[in-house]
Amino acid sequence: PIANAMANDHLEDVATSVRIGGKRSGVTYTFDCVYGTTTTQAQVYHFSVVPLLNACLEGYNATILAYGQTGSGKTHTILGNHVTGDVQGV
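Keep in mind the model is a prediction, meaning the values are calculated, not measured.

1. Thoughts on the overall build of the protein chain
When helices and strands are tallied, the protein chain shows two helices and four strands. Taken from the N to the C terminus, the helices and strands of the protein chain come in the order β-β-β-β-α-α. The buried share of the protein chain, taken over its 90 residues, is 14%. Sequence-distant contacts, at least 24 apart, represent 30% of the contacts inside the protein chain between residues at least 6 apart. Within the structure as shown, the protein chain displays about 7,200 Å² of accessible surface, and the carbon and sulfur contribution to it stands at 54%.

2. Things to note about the environment of Thr63
Along the chain, Thr63 falls in the loop between α1 (41–57) and α2 (74–79). Taking the C-alpha atoms as reference points, Thr63 and Leu52, separated by 11 residues in sequence, lie 8.0 Å from one another.

3. Examining the pairing of strand β3 (residues 16–20)
With five bridges joining them, β3 and strand β4 (residues 27–31) adopt antiparallel strand pairing. Within the sheet, the bridge partner assigned to Thr16 lies in β4 and is Phe31. Hairpin connection from β3 to β4: six residues lie between these consecutive antiparallel strands, with Gly21 at a positive phi of about 100°.

4. Here we look at the confidence of the model for the protein chain
A residue-level look at the protein chain finds 80% of positions with pLDDT of 70 or above and a mean pLDDT of 75. Strand β1 (residues 6–7) is the least confidently modelled element of the protein chain, averaging 41 in pLDDT, while α1 averages 88, the highest of any element. For residues 1–12, every residue scores under 50 in pLDDT, and the model assigns this stretch 26 contacts once sequence neighbours within four places are set aside.

5. Quick word on a nonpolar patch on the surface
Together, Ile20, Val27, Tyr29 and Phe31 make up a nonpolar patch on the protein surface, roughly 350 Å² of accessible area in all. The leading source of residues in the nonpolar patch is β4, at three residues. Note on placement: Ile20 falls in strand β3.

6. Points about α1
Val49 marks the point of greatest bend in α1, at about 40°, and the proline Pro51 comes within the next four residues. Those residues of α1 that sit buried are Gln43, Val44 and Val49. In the stretch just after α1, Gly59 is the one whose phi turns positive, near 105°.

Procedures and definitions
Residues numbered from 1 in each chain as written. Predicted model: local features only at pLDDT ≥ 70, side-chain atom pairs only at ≥ 80, totals over all residues. Heavy atoms only, no water. Helix = DSSP H or I, 4+ residues; strand = E, 2+ residues; numbered from the N terminus. Buried < 20%, exposed > 50% of the residue type's maximum accessible area, 1.4 Å probe, protein only. Contact = heavy atoms within 4.5 Å. Areas by Shrake-Rupley, 256 points an atom, 1.4 Å probe, with all protein chains shown as cover. Pairing = 2+ DSSP bridges. pLDDT = per-residue confidence, 0-100. Patch = residues over 30% accessible without salt bridge, like charges linked within 9 Å, V, L, I, M, F, W, Y side chains within 5 Å. Salt bridge = Lys/Arg side-chain N within 4 Å of Asp/Glu carboxyl O. Bend = angle between axes of the 7 residues up to and from the residue.

If you want it as structure tokens, here you go:
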């Protein structure tokens, strides 16, 4: 099962792998971090984006990818509320 990175209201780095398919033909996906449903935009930014920005400033490349089910909030996480502008995305 996928571990929830939210524990006791703080984020913990977890290495989680999920294998889809059989042992011979399956594909393994590994996640550095999985956020819980109560995670705030600020927590996502602080724990995932800030380290990437710092690495970019040191000359490294970085990518932020939001993946998930339709309607799960990917666009909101990346862009924020683009209609009113009151909530910024990452």
